[in-house]
Each structure stands twice: as structure tokens, then as C-alpha cells.
Amino acid sequence: MRIGEGYDVHRLVEGRRLILGGVEIPFEKGLLGHSDADVLVHAIIDSLLGACAFGDIGTHFPDTDMQYKGISGEALMKRVLELIKDYEILNIDTTVIAQAPKLSPYIAQIRNSLANMMSLDVGQISVKAKTAEKLGYLGRGEAIEVRCVCLLKKR
């Protein structure tokens, strides 16, 4: 068994779409990044890579490489799943920290999107949404942060 921990944070800015777990969330701001800035998928990727001791997302997909400019989280995930093909994903547990928008109406859709993206049963994926209780940069609505853990086993 292998446990992985992942983390990512992206600044919220005007003029970008907000993508979380492959789902576009209606909001007046989106996440800033070299790729589509899907902070949820990025944190999951980091947890998967970490569980296998394969480094992190920046090692495999550096933001200085133009081939990843605008790339979707789903496309990155497909590449990561190929890298970790010797491991079976048992479960993924995530926490999205965002003061706004309210994410509870989208949780089921996000879980289904992630399950489809990774060819998993939706019961293997947990997505929880929390606020920062108006504390710090997250509480001021400047960014969205995601924390993730996963459990893998060797095939």
C-alpha cells in the first residue's frame, strides 16, 4: 500500500474560467495558471505521483514548457495515469478550500467527472468543500486551495 499527499493553490483572477475537477463552475473569476489551472486535478496528480515516489506535477509538466500552455487537467491526468499504471488507485480524498463560489451544488458533478477521468467508481472519490471562515488570502477570496490524499496498491 502507498499513501500520497497532494496540495495546490491558484490565485483567482478575472478573465479566466473556473475549472474544478474537469467541471466548469459559473463564477465571475477563474484560476490563474499556465494550464487550465484546475487546482483540484493538480492536487490529485501530486498525491498520485507522491504515492509512487515519482516527484510532483512541476517535475513532469513544468510551467516553463510551452507544450503545457493551456493544457487541461484531464489531459495531464491521462499522462499521469500512464506513469502510475503499475498501481491501482483505491481511493482519493480531497478538500477544496474556497470562500466563494459555493461549491456544494457541484460536488456530485465534480465527483462523477473525476471518476470518469480516472476510470474509477465514484465511491472511490471524496470531494469536500470548505470555506476559510473569511481568514487569510483564502478567506478574502483571493485563491482556491486543495488538499488531497490517496491510497494506492501495487498491481
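Heads up: the structure comes first, above all this text.
What counts, and at which threshold
- Residues numbered from 1 in each chain as written.
- Predicted model: local features only at pLDDT ≥ 70, side-chain atom pairs only at ≥ 80, totals over all residues.
- Heavy atoms only, no water.
- Pairing = 2+ DSSP bridges.
- Helix = DSSP H or I, 4+ residues; strand = E, 2+ residues; numbered from the N terminus.
- Contact = heavy atoms within 4.5 Å.
- Axes fitted to C-alpha atoms, helices over the stretch in contact; angles between N-to-C directions.
- Core = buried A, V, L, I, M, F, W, Y, C linked by side-chain atoms within 4.5 Å.
- Buried < 20%, exposed > 50% of the residue type's maximum accessible area, 1.4 Å probe, protein only.
- Parallel < 35°, antiparallel > 145°, perpendicular 65-115°, else oblique.
- Left-handed = near helix turned anticlockwise from the far one by under 90°.

Q: Can you break down the sheet that holds strand 5 (residues 87-97) residue by residue, with the values?
A: The pairing of strands in a sheet happens through backbone hydrogen bonds and is either parallel or antiparallel. The strand order 4-1-7-5-6 describes an open sheet built from 5 strands, whose pairing is mixed. Whereas interior strands pair on both sides, the edge strands pair on one side only; in this sheet they are strand 4 (30-31) and strand 6 (125-130). Of the pairings in the sheet, the one linking strand 1 (residues 2-13) to strand 7 (residues 143-154) comprises 10 bridges and is antiparallel in character. Residue pairing for strand 7: V9 is matched across the bridge by E145. Each of strand 5 and strand 6 is contacted by helix 4 (residues 107-118), which is oriented at about 145 degrees to strand 6, the strand it contacts most.

Q: Tell me about the nonpolar core, and please be specific about residues and values.
A: Core analysis: the biggest nonpolar cluster contains 45 residues, and L20, L40, I44, L48, L114 and M118 have the highest contact counts within it. Every element with two or more residues in this core is listed here: strand 2 (18-20), strand 3 (23-25), helix 1 (39-51), helix 3 (73-83), strand 5, helix 4, strand 6 and strand 7. Broken down by element, the residue count for this core peaks at 9 residues, all from helix 1. Here M118 is in contact with I44, M77, L81, I89, I92 and I125, once residues within four sequence places are set aside.

Q: Tell me what's going on with the packing of helix 1 against helix 4, and back it up with residues and numbers.
A: Running from N to C, helix 1 and helix 4 point in directions that differ by 45 degrees, and their axes come no closer than 12 Å. Viewed along their axes, helix 1 and helix 4 adopt a mutual orientation that is oblique. Two packed elements cross with a definite hand, and for helix 1 against helix 4 that hand is right-handed. The residues of helix 4 that touch helix 1, namely those facing L40, V41 and I44, are I110, L114, M117 and M118.

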